[in-house]
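For reference, the chains in residue letters:
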Amino acid sequence: MVLIAGVDIGNNTTEVAVAEVNDRGEATFRGQSLVRTIGIKGTMRNVSGIIDALDQALQPLQIPRKELAGVLLNEATPVIGDVAMETITETVITESAMIGHNPTTPGGMGLGTGITRSIADLGTASTDQEYIVIVSRETNFQLAADLLNQAVNRGVRINGAIVQLDDGVLIHNRLSQPIPIVDEVRYVDRVPVGMFAAVEVASVGRSIEKLSNPYDIATLFNLEADQTRNIVPIARALTGVRSAVVIKTPRGDIQERRIPAGSLTLIGDKATVQVPVDEGAEVIMDKVDEVQPLTEIRAEPGTNVGGMFETVRRVMADLTNQPVGEILVQDIIAVDTLVPQQVQGNLAGEYALGNAVGLAAMVQTQKLPMQMLARKLQEEIQVPVTVAGVEAEMAIHGALTTPGTKAPLAILDLGGGSTDASLIQESGVVRSTHLAGAGDMVTLLIDKELGLDDLDLAERIKFYPLAKVETLFHLRHEDGSVEFFDAPMDPRLFGRVVVMSELGPQPLPVQDPIGRVAEVRRKAKEKVFVRNSLRALAGVAPGGNIRLIDFVTLVGGSSLDFEIPKMISDVLLEYGVVTGRANVRGSQGPRNAVATGLVLTSAGTGYGS
Ligand code: ADP
Ligand code: MG
């Protein structure tokens, strides 16, 4: 009887399974552990994490590490998945044609049009004109209201105001005649005077209707068909906001500009094709499918994608002591997204959603570094260490310990950096594949689309459902259910969208309604995992035909997600495939498949004797 340990080094997680193997090669599992991987998978830095994981698995057994007869590593071809965003459109305003933004408390309501005029010049305003008044920070709200009321008494028609400070409501409350007021316009000095302008404020909980519709803008501003085409980006940028100003200036223009995003060269066994990144994810992924099997992907130097490819290859080269030239990008996944971007030439820090393409790239290297890692580990722990099997193959042997499964069977390993699939035939023959893009990319998409710039928070949004704090004593979960509390919540949570993390409700720094946040989260998961599950299974299915697969089990960290398994299972059902989450060894859920598989396959090859 000997004790052996299987170790699965993943991009995110290092997992260990410990088993006793008897002289008939039968394994009895005694323990397991899971720690965060230190360093990039398959590199020397992993060693300390592995030792920690071994100790954690052995600790309850009270067995010292040196009594292990052997440690088995997965052949983790070091893979770096890097994810990047390539923005392909941006909104540019020339000559201050638009302000559309979402101040939290605009004043008044409705639509007003007129000629822009500074409040300082209101005394000389004509009674034959209609005006939109500009109030900069020099005029306090009381004085502003007084000046507006005086002008109105004199017969000046004032139909709206544009205010620099957060004073919309304060001014509005003091007016004899209510007008719509857009406030918090930071660069109010850039608003041109003497120009025709329209101001619109919607009631609480609604968004503006006129200035987000190109034809209404055309009506208000007397535009020709050509000019109407030009203001479409304005209308788009103003969709969904609560208040907006549109100003017509002589040369004023707003454009949606495409940013040259570089191109990708996909080199396959049979063909080589080039695809410009700004064609979008659908086109890129169609081409990727077309040139399968891929040998290498190159990106145009001097572009963002080119830079991303370079970084990934250089990092990998440094880590593995290989020349950069030997390191190839072998797979990519592209996903279309919309990211909030500051509008160029903005007046109030306006954002518009720009199109972007998210890319995850994967690099593979030679086997060499794994052997180096094994030697280093062996030196450290003084136990024989072997590289004992390819990860995706081991995963399927581990998954087959799920009660109710037998070959033929396919698995999807939904990890952090990559999505892997393997298929075992009744004969025991295994095919496997390894694709760029998994949980980390979902987190990145959530981060970018919500403009968070906080990956930890994005990760929590991915993990946990949302809720809205409606009063300090109750919140409404995203499924509509209501939860009450005996003690009041932190007042800072009031009215906020929160993520129900392990630390309790945590507020999100976004103004988006809960429905949009949930939508962004779900879409990100769907875009990455539905596409990649289909790609991965097609890669291992006989003749690429997913319909020929009957059963799929899901393993890996992302199959613990509260939404992803259902999304995959729904789409696979269309192919007649039955999908479920693995329960490795009847006890580990979708975790520990690779580590378990390593132990089982090695046990059979004479370890115990
Ligand atoms: P790897 O094999 O690449 O190390 P894992 O199998 O450990 O990866 O999976 C890591 C991924 O799983 C990460 O993207 C992480 O966010 C995700 N993940 C882990 N636990 C959960 C969970 N409970 N819900 C959703 N995602 C999870
Ligand atoms: Mg893994």
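Overview of the overall build of the protein
Scanning the protein from terminus to terminus reveals 14 helices and 30 strands. Based on the C-alpha atoms only, the size of the protein along its principal axes is roughly 105 × 65 × 45 Å. Classification of the 609 residues of the protein by burial places 53% in the buried group. Residue pairs in contact within the protein that sit at least 24 positions apart in sequence constitute 67% of those at least 6 positions apart. By element, 49% of the accessible surface of the protein is carried by carbon and sulfur atoms, the whole surface being about 26200 Å². Computed over 53 positive and 74 negative side-chain charges, the separation of the two mean positions in the protein equals 1 Å.

Observations concerning the site of ligand 1
Around ligand 1 there are 18 residues in total, and Asn-12, Thr-13, Glu-459, Lys-462 and Gly-557 lie nearest to it. One nitrogen or oxygen atom from the main chain of Asn-12 is found 2.7 Å from an oxygen atom belonging to ligand 1. Measuring from an oxygen atom of ligand 1, one finds a backbone N or O atom of Gly-416 at 3.1 Å. About the coverage of ligand 1: the protein hides 88% of its 580 Å² of free accessible area. Of the residues forming the shell around ligand 1, the biggest block, 3 residues, is contributed by helix H11 (residues 455-463).

Brief notes about the domain arrangement of the protein
Each domain of the protein was delimited in the assignment, giving domain 1 (1-77 + 369-400 + 592-609), domain 2 (81-87 + 260-364), domain 3 (90-255) and domain 4 (440-504 + 513-522). Computed over C-alpha atoms only, the centres of domain 3 and domain 4 are separated by 34 Å.

Some points on the nonpolar core
The nonpolar side chains of a soluble globular protein tend to be buried with one another. Within the largest apolar cluster, 76 residues are counted, with the highest numbers of intra-cluster contacts made by Leu-264, Leu-266, Phe-309, Ile-332, Leu-412, Leu-537 and Leu-572. Sorting elements by how many residues they give to this core places helix H12 (residues 514-540) first, with 11 residues. The residue makeup of this core includes at least three contributed by each of domain 2 (81-87 + 260-364) and domain 4 (440-504 + 513-522). Each residue touching Phe-309, except ones within four places of it in the same chain, is listed here: Leu-264, Ile-297, Arg-298, Ala-299, Val-329, Ile-332 and Ala-361.

Regarding the pairing of strand S1 (residues 2-9)
With 7 of its 8 residues buried, S1 lies for the most part within the structure. Of the pairings in the sheet, the one linking S1 to strand S2 (residues 13-21) comprises 8 bridges and is antiparallel in character. Its bridge partner lying in S2, Val-2 is registered against Val-21. Joining the antiparallel neighbours S1 and S2 is a turn of 3 residues. As paired elements, S1 and strand S4 (residues 70-75) share 4 bridges and run parallel to each other. Considered in S4, the bridge of Ile-4 is made with Gly-70.

Examining the packing of aromatic side chains
Under the criterion given, the structure shown has 2 aromatic pairs. Each ring, one from Phe-196 and one from Phe-221, has its centre 5.3 Å from the other, and the planes form 85 degrees; the classification is edge-to-face. In this pair, Phe-196 is assigned in strand S12 (residues 196-201) and Phe-221 in helix H4 (residues 214-221), connecting sequence segments 25 residues apart. Each ring, one from Phe-463 and one from Tyr-464, has its centre 5.8 Å from the other, and the planes form 50 degrees; the classification is tilted. A cation over an aromatic ring shows up here: Arg-585 above the ring of Phe-29, its NZ or CZ 4.2 Å from the ring centre.

Considering unusual backbone geometry
With an omega dihedral of -5 degrees, the bond running from Gln-292 to Pro-293 counts as a cis peptide bond. By the secondary structure assignment, Pro-293 is in the loop between helix H6 (281-290) and strand S17 (294-299). With an omega of 0 degrees, the peptide bond between Ala-407 and Pro-408 qualifies as cis. Residue placement: Pro-408 occurs in the loop between helix H9 (391-399) and strand S21 (409-414). Of note, the phi angle at Gln-382 is positive, near 55 degrees, even though the residue is not glycine. When you line up the elements, Gln-382 lands in the loop between helix H8 (368-381) and strand S20 (385-390). Phi is positive for Asn-592, close to 75 degrees, though the residue is something other than glycine. Looking at where Asn-592 falls in the secondary structure, it is placed in the loop between strand S30 (578-581) and helix H14 (593-603). Looking at Asn-592, the relative accessible area reads 2%, which means it is buried.

Regarding the sheet that holds strand S3 (residues 27-36)
Taken together, the 5 strands give an open sheet; going across it, the order is S3-S2-S1-S4-S20, and neighbouring strands pair in mixed fashion. Of all the strands in the sheet, the pair left with one neighbour each is S3 and S20. Neighbouring strand axes in the sheet, compared pairwise and without regard to direction, differ in orientation by 25 degrees on average. Across 5 bridges, S4 lies against S20 in parallel orientation. Within S20, the position partnered with Asn-74 by the bridge is Gly-389. Packed on one face of the sheet, helix H1 (residues 46-58) meets S1, S2, S3 and S4 and runs near 135 degrees to S3. In the packing of H14 onto the sheet, contacts are made with S1, S2, S3, S4 and S20, and the angle to S1 comes to roughly 140 degrees.

Thresholds, definitions, all that
Residues numbered from 1 in each chain as written. Chains lettered and ligands numbered in written order. Predicted model: local features only at pLDDT ≥ 70, side-chain atom pairs only at ≥ 80, totals over all residues. Heavy atoms only, no water. Helix = DSSP H or I, 4+ residues; strand = E, 2+ residues; numbered from the N terminus. Buried < 20%, exposed > 50% of the residue type's maximum accessible area, 1.4 Å probe, protein only. Contact = heavy atoms within 4.5 Å. Areas by Shrake-Rupley, 256 points an atom, 1.4 Å probe, with all protein chains shown as cover. Lys, Arg positive; Asp, Glu negative; His and termini not counted. Charge placed at Lys NZ, Arg CZ, Asp CG, Glu CD. Near = heavy atom within 4 Å. Polar contact = N/O pair within 3.5 Å; in protein donor to acceptor, adjacent residues only side chain to side chain. Domains from an automatic or database assignment. Core = buried A, V, L, I, M, F, W, Y, C linked by side-chain atoms within 4.5 Å. Pairing = 2+ DSSP bridges. Phe/Tyr/Trp six-rings, centres within 6.5 Å; stacked < 30°, edge-to-face > 60°. Lys NZ or Arg CZ within 6 Å of the ring centre and 35° of its normal. Axes fitted to C-alpha atoms, helices over the stretch in contact; angles between N-to-C directions.

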